[in-house]
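Read off the chains here:
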Amino acid sequence: MKNEVLFDLTYGMYAIGVKDENKVSACIVNTVVQVTNTPNMIAVSMNHGNYSHECIASSGMFTVSVLSEDTSGAAIGALGFTSGRDTDKLVNVQHKVLAEGVPVIKENICCWFLCRVVNHVETPTHTVFIAEITAGSDEAKGRPMTYDYYHKVIKGRAPKNAPTYQEQQPTDDRNDGESWICTVCGYVYNDPDVSFEELPEDWVCPICGMPKSAFKRQ
Ligand code: FE
């Protein structure tokens, strides 16, 4: 089987809010699924190396914020492409901290839930946490962002720790040497009207926020 056929599996885009003893953090995942409805339980897959994995394993709780199509690439990049171990990923993202101490995102989400871990399944690289929803939004609004929308409209990529990550092949969008690729998140800049060299020096990757120096010619 070619790995590419797995691209036909469909997913959403979610921010997972977590806490440790001293602070709150969040990360982006595409693998949240509802597994039962009495009670409402979900499963989420998380890489062993993620700081959020550590937080969920020790606190036994997390939140899910369902991102809408209005969520900016910059917000996804801030939560998805750096580690919360050494940075405050939520510093530029509007959020509130629930009484239970875990954060939910406030900007451009459809709804949120608070989840308590009831079980987990180990794989060589990821833990699948099974959790019961104990609280959440009364209603949902907006259109939830699908993983496909993130790739095709926002032009985002999967970070290496994502369960669905596959090595990116260089794209054939343009072959005149004018495409530049972000070495952190894989975003490709190829605006035919403004060349990469003409972008201001303080321009940053719209997906992960890295500076121009993180890009290389494709
Ligand atoms: Fe980037």
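Above this text you will find the structure in question.
Enquirer: Which residues make up the overall build of the protein, and what are the values?
Expert: A tally of helices and strands in the protein yields three helices and twelve strands. Classification of the 218 residues of the protein by burial places 44% in the buried group. Looking at the protein as shown, the accessible area adds up to about 12,000 Å², and 51% of this sits on carbon and sulfur atoms. Averaging the locations of the 18 positively and 27 negatively charged side chains of the protein gives two centres separated by 2 Å.

Enquirer: Break down the environment of Glu167 for me, citing the residues and quoting the values.
Expert: Among the structural elements, Glu167 can be located in the loop between α3 (147-152) and β10 (180-182). On a C-alpha basis, the gap between Glu167 and Gly186 in space is 10.0 Å, while along the polypeptide they are 19 residues apart.

Enquirer: Please provide a residue-by-residue account of helix α2 (residues 73-80), values included.
Expert: Burial runs high along α2: six of the eight residues are buried. Along α2, the residues classified as buried are Gly73, Ala75, Ile76, Gly77, Leu79 and Gly80. Looking at the buried positions of α2, the neighbouring elements they touch are β1 (14-19), β2 (24-29), β5 (61-67), β7 (103-105) and α3. Between the side-chain oxygen of the N-cap and the backbone nitrogen of Ala75 there are 3.0 Å, and the N-cap of α2 in question is Ser72.

Enquirer: Pulling in residues and values, what's your account of the sheet that holds strand β8 (residues 109-122)?
Expert: With respect to topology, seven strands assemble into an open sheet ordered β2-β1-β5-β8-β9-β4-β3, the strand pairing being antiparallel. Since the sheet does not close on itself, it has two edges, and those belong to β2 and β3 (32-37), each with one partner. Taking the axes of each pair of neighbouring strands and ignoring which way they run, one obtains an average angle of 35° across the sheet. As judged from the four bridges shared by β1 and β5, these two strands associate in the antiparallel manner. Note on β5: the bridge partner recorded for Tyr14 is Val66. Where helix α1 (residues 51-59) meets the sheet, its contacts fall on β1, β2, β4 (40-47), β5, β8 and β9 (126-136), and the angle it forms with β1 comes to roughly 55°. Across the face of the sheet, α2 comes into contact with β1, β2 and β5 while running at roughly 110° to β2.

Enquirer: So what's going on with unusual backbone geometry? Which residues, and what values?
Expert: Geometrically, the link from Thr38 to Pro39 is a cis peptide bond, its omega value of 5° lying close to zero. With respect to the helices and strands, Pro39 occurs in the loop between β3 and β4. Phi is positive for Asn108, close to 55°, though the residue is something other than glycine. With respect to the secondary-structure elements, Asn108 resides in the loop between β7 and β8. On the accessibility criterion, Asn108 (34% relative accessible area) is partly exposed.

Enquirer: Could you give me a rundown of the pairing of β9, with the residues and numbers involved?
Expert: Bridge count for β4 against β9 is seven bridges, and the pairing is antiparallel. The residue of β9 that forms the bridge with Val44 is Phe129. Pairing between β8 and β9: nine bridges, direction antiparallel. Looking at β9, one finds that Asn119 is bridged to Ile130.

Enquirer: Tell me about the layout of surface pockets, and please be specific about residues and values.
Expert: Put simply, the second largest pocket is a space of about 490 Å³. Along its surface, the second largest pocket is lined by 33 residues, and Ile28, Asn50, Gly80, Pro159 and Asn161 are the ones closest to its centre. Elements with a minimum of two residues in the lining of the second largest pocket: β2, β4, α1, α2 and α3. Of the residues assigned to the lining of the second largest pocket, the class counts are 16 nonpolar, 13 polar and four charged.

Enquirer: Describe in detail the pairing of β8, supporting the description with residues and values.
Expert: Look at any regular strand and the pattern is simple: side chains alternate between the two faces of the sheet. Taken together, the seven bridges between β5 and β8 define a ladder with antiparallel strand orientation. For Val66, the partnering residue across the bridge sits in β8 and is Cys111. With antiparallel pairing between neighbouring strands as the criterion, β8 and β9 make up a hairpin whose turn holds three residues.

Cut-offs applied
- Residues numbered from 1 in each chain as written.
- Predicted model: local features only at pLDDT ≥ 70, side-chain atom pairs only at ≥ 80, totals over all residues.
- Heavy atoms only, no water.
- Helix = DSSP H or I, 4+ residues; strand = E, 2+ residues; numbered from the N terminus.
- Buried < 20%, exposed > 50% of the residue type's maximum accessible area, 1.4 Å probe, protein only.
- Areas by Shrake-Rupley, 256 points an atom, 1.4 Å probe, with all protein chains shown as cover.
- Lys, Arg positive; Asp, Glu negative; His and termini not counted.
- Charge placed at Lys NZ, Arg CZ, Asp CG, Glu CD.
- Contact = heavy atoms within 4.5 Å.
- Polar contact = N/O pair within 3.5 Å; in protein donor to acceptor, adjacent residues only side chain to side chain.
- Pairing = 2+ DSSP bridges.
- Axes fitted to C-alpha atoms, helices over the stretch in contact; angles between N-to-C directions.
- 1 Å grid on protein atoms, 1.4 Å probe; cavity = no way out; pocket = protein on both sides within 12 Å on 5 of 7 lines; lining within 4 Å.
- Points joined across faces, edges and corners; volume = space filled by probe spheres on them.
- Nonpolar A, V, L, I, M, F, W, Y, C, P; charged D, E, K, R; others polar.

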